Structures are given as C-alpha cells and as structure tokens.
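An overview of the molecular structure
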Amino acid sequence: MADDQLIAALDVHTRSEAEVLVQRLGESVGYYKVGMELFYALGGDMVLWLKNEGKRVFLDLKLHDIPNTVGNGLCSLLRLRPDILNVHTAGGLRMMKAGAEALHRAAEAQGIPCPKLIGVTVLTSMDAEDWRGLGHTGTIADAVLRRAQLAQEAGLDGVVASPAETLEIRRTCGDDFLIVTPGIRPAGVGNDDQRRVMTPAGAIRAGASQIVVGRAISGAPDPRAAAELILKEMEEAL
C-alpha cells in the first residue's frame, strides 16, 4: 500500500516541532525518518516516542567508521527498536558486512526482529560537478550501482539512492532489494539543496520501495493535505 511506502522526514531539531508535525499528519503518515538533526538534539527519546505512538521509524544516521565500531554502534541502536537503520556504503564491503552480521547476531540474542539495514550510496545533494571535485573520474550512476551491488554482497537489505539511479538498481539487484529514495519533489515544489530529484509517481514507477519526503510535507501550509496528495499520486502510480 502507498501509505507503507511514504516516509515523512522529521528534519527539525526540537521535540515540540516534531510532535506538532506528527499530530498534524495524524493517521495519514505511519512511517517517519529521524535523522542527525533531531537525533543529535534529543538522542533516542524521539524514536521511543514515535514507537510508543505506533509509528515506524527509519533511523537515518549513516554510520561510517571502522568495521568494529559500526557493528557495535548498530547494536547500541537496536535498543530503540527502529524499523530501518543505515550505514554509508563508502565504508566498504568489510564495514557493511561487519555491521550486518553484528546487527543480526544482536537481534537474535535478544529475541527481537532485526531492523532492515540499508546503505547510503551517494547523497542526493551531489551533482556531477561535486562528484568530480572529489576526484572521481566515473559517473555518479556507475558509483551508485557498484555500491548497491557491494551492499547486497555484504548482506544488507537494500540501499538509499536517488530516483535517478533506482531503475538500474532494481534491474541489477532484483525485486526483493529495498530501495529507499529521497530527493522526492512533487510538481511545483522547489528542489532546495537536492540535485537528483523526481516526483513521487516517477520514483514509484522507477522501482522505489519507499520514498522519503521532507520539506514538501513539513513546509506545506497544510502538511496533512500535502501528504495525502502525495499518497494519491503514489497510488495512481502503483
């Protein structure tokens, strides 16, 4: 269902802002992304509050460190019972594999469901000029596909990728591979600091499993109406 595919980003830094937005969205949104801004301000309290409210949570912290540290970090986050966690694929195959194995062992030891673990490929704020500035000679699309393949090899459940690369990832990694897609902008909404963007319907048609929408919902005069419009567009694309 489309409502399982929409993740609303709580890109705010106070509990009151987050709670007001969740309350305004009501039953129209059941899945939220908690990122660095909110997590660094409040720690795990916001995740626990959302779970207590019956919501699902994508905890978007993009862990990227040596393999042992990432594995231990993921295990520490398990106490919050997030539904999705992520690492950065730039950490490489060994780091991703260590994280996935540690997380599965910890969940099994605690007798709880293991969160989905996905890997960030290349940030949607980056364009070709930014990519070349980092010294890369290949294209962003090539790098994203290679990193998605490495994530799958490492045992991750999927990746975070822009809608521009979703179709090729789906073709290469198969139907069961989770593709979470930020960079979503409904028609008539500005791109802000995103570069590789697509409409909600376009992302779903390209093979996205779930889409993440931030300011197009949170910055709208009526966030619930904005979310419901996105849900309608997604449903029409299914």
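Residues numbered from 1 in each chain as written. Predicted model: local features only at pLDDT ≥ 70, side-chain atom pairs only at ≥ 80, totals over all residues. Heavy atoms only, no water.

Where burial is concerned, the two faces of strand β1 (residues 6-9) agree: the one with L6 and A8 and the one with I7 and A9 are both buried. As paired strands, β1 and strand β8 (residues 210-213) are joined by three bridges and run parallel to one another. Paired with A8 across the two strands is V213, which belongs to β8. Relative to strand β2 (residues 31-35), β1 runs parallel, the two sharing two bridges. The partner of A9 across the bridge, within β2, is K33. Between the parallel elements β1 and β2, the chain passes through helix α2 (residues 15-25) in a crossover that is right-handed. (Buried < 20%, exposed > 50% of the residue type's maximum accessible area, 1.4 Å probe, protein only. Helix = DSSP H or I, 4+ residues; strand = E, 2+ residues; numbered from the N terminus. Pairing = 2+ DSSP bridges. Right-handed = clockwise from strand over helix to strand, strands pointing away.)

Further remarks concern the UniProt feature "active site" (unreviewed entry) in the protein. The UniProt record marks K62 with the feature "active site" (unreviewed entry), using the residue numbering of this structure. K62 sits in the partly exposed class, given a relative accessible area of 23%. K62 has contacts with M36, N86, V87, H88, V120 and L123, leaving out every residue within four places of it along the chain. Polar contacts involving the side chain of K62 include one to the side chain of D60, which spans 3.0 Å. (UniProt positions renumbered as here; feature names shortened; annotations may be inferred. Contact = heavy atoms within 4.5 Å. Polar contact = N/O pair within 3.5 Å; in protein donor to acceptor, adjacent residues only side chain to side chain.)

This part covers the nonpolar core. Counting 68 residues, the largest nonpolar core has L6, I169 and I211 as the members making the most contacts within it. If one sorts the elements of this core by residue count, helix α8 (residues 140-153) sits on top with seven residues. What I211 contacts, discounting residues up to four positions off in sequence, is Q5, L6, I7, T181, I184, P200, A203, I204, I230 and M234. I7, F58, I84 and L178 belong to the second-largest nonpolar core, a separate cluster that totals 11 residues. (Core = buried A, V, L, I, M, F, W, Y, C linked by side-chain atoms within 4.5 Å.)

This brings us to the sheet that holds β1. Strand order in the closed barrel formed by eight strands is β1-β2-β3-β4-β5-β6-β7-β8, and the pairing between neighbours is parallel. Sheet twist, expressed as the mean angle between neighbouring strand axes with direction ignored, is 25°. Set on the sheet, helix α6 (residues 93-110) makes contact with β3 (56-63), β4 (84-88) and β5 (116-120); between it and β4 the angle comes to about 155°. Each of β6 (158-160) and β7 (178-181) is contacted by helix α9 (residues 163-173), which is oriented at about 170° to β7, the strand it contacts most. (Axes fitted to C-alpha atoms, helices over the stretch in contact; angles between N-to-C directions.)

What follows deals with the packing of helix α5 (residues 67-77) against α6. Taken N-terminus to C-terminus, the directions of α5 and α6 make an angle of 30°; their axes are 8 Å apart at the nearest point. For the crossing formed where α5 meets α6, the hand is right-handed. Residues P67, V70, G71, L74 and C75 of α5 lie in contact with α6, whose contacting residues are R94, M95, A98, G99, A102, L103 and A106. In terms of residue class, the contact of α5 with α6 is built from nine nonpolar, two polar and one charged. (Left-handed = near helix turned anticlockwise from the far one by under 90°. Nonpolar A, V, L, I, M, F, W, Y, C, P; charged D, E, K, R; others polar.)

The interhelical angle for the contact between α8 and α9, taken along N-to-C directions, is 35°, at an axis separation of 10 Å. Where α8 crosses over α9, the handedness of that crossing is right-handed. Two secondary-structure elements touch here, α8 through I140, A141, V144, L145, A148, Q149 and Q152 and α9 through E165, E168, I169, T172 and C173. A breakdown of the residues in the contact of α8 with α9 according to their chemical character gives seven nonpolar, three polar and two charged.

Below, the discussion takes up the layout of surface pockets. Roughly 290 Å³ of internal volume is contained in the second largest pocket. What lines the second largest pocket is a set of 16 residues, and nearest its centre among them are R56, D83, C114, P115 and K116. (1 Å grid on protein atoms, 1.4 Å probe; cavity = no way out; pocket = protein on both sides within 12 Å on 5 of 7 lines; lining within 4 Å. Points joined across faces, edges and corners; volume = space filled by probe spheres on them.)

To continue, consider a negative patch on the surface. On the surface, D3, D4, E235 and E236 cluster together into a negatively charged patch. Inspection of the secondary structure assignment puts E235 in helix α12 (residues 223-237). Judged by relative accessible area, E235 falls into the partly exposed class, the value being 46%. (Patch = residues over 30% accessible without salt bridge, like charges linked within 9 Å, V, L, I, M, F, W, Y side chains within 5 Å. Areas by Shrake-Rupley, 256 points an atom, 1.4 Å probe, with all protein chains shown as cover. Salt bridge = Lys/Arg side-chain N within 4 Å of Asp/Glu carboxyl O. Lys, Arg positive; Asp, Glu negative; His and termini not counted. Charge placed at Lys NZ, Arg CZ, Asp CG, Glu CD.)

For α12, with 15 residues, the first-to-last C-alpha span of 21 Å sits near the 21 Å given by 1.5 Å per residue. All of the buried residues in α12 are P223, A226, A227, I230, L231, M234 and A237. Across the axial projection of α12, the buried residues extend over an arc of 135°, all falling on one side. Residues L229 and E236 are exposed on α12 and point more than 90 degrees away from its buried face. (Expected span 1.5 Å × (residues − 1). Arc of directions from axis to C-beta.)

With that out of the way, let us pick up α5. Within the sequence span of α5, burial applies to V70, G71, L74 and L77. Viewed end-on, α5 has its buried residues packed into an arc of 130°, placing them on one side of the element. Close packing links the buried residues of α5 with α3 (36-42), β3, β4, α6 and β5.

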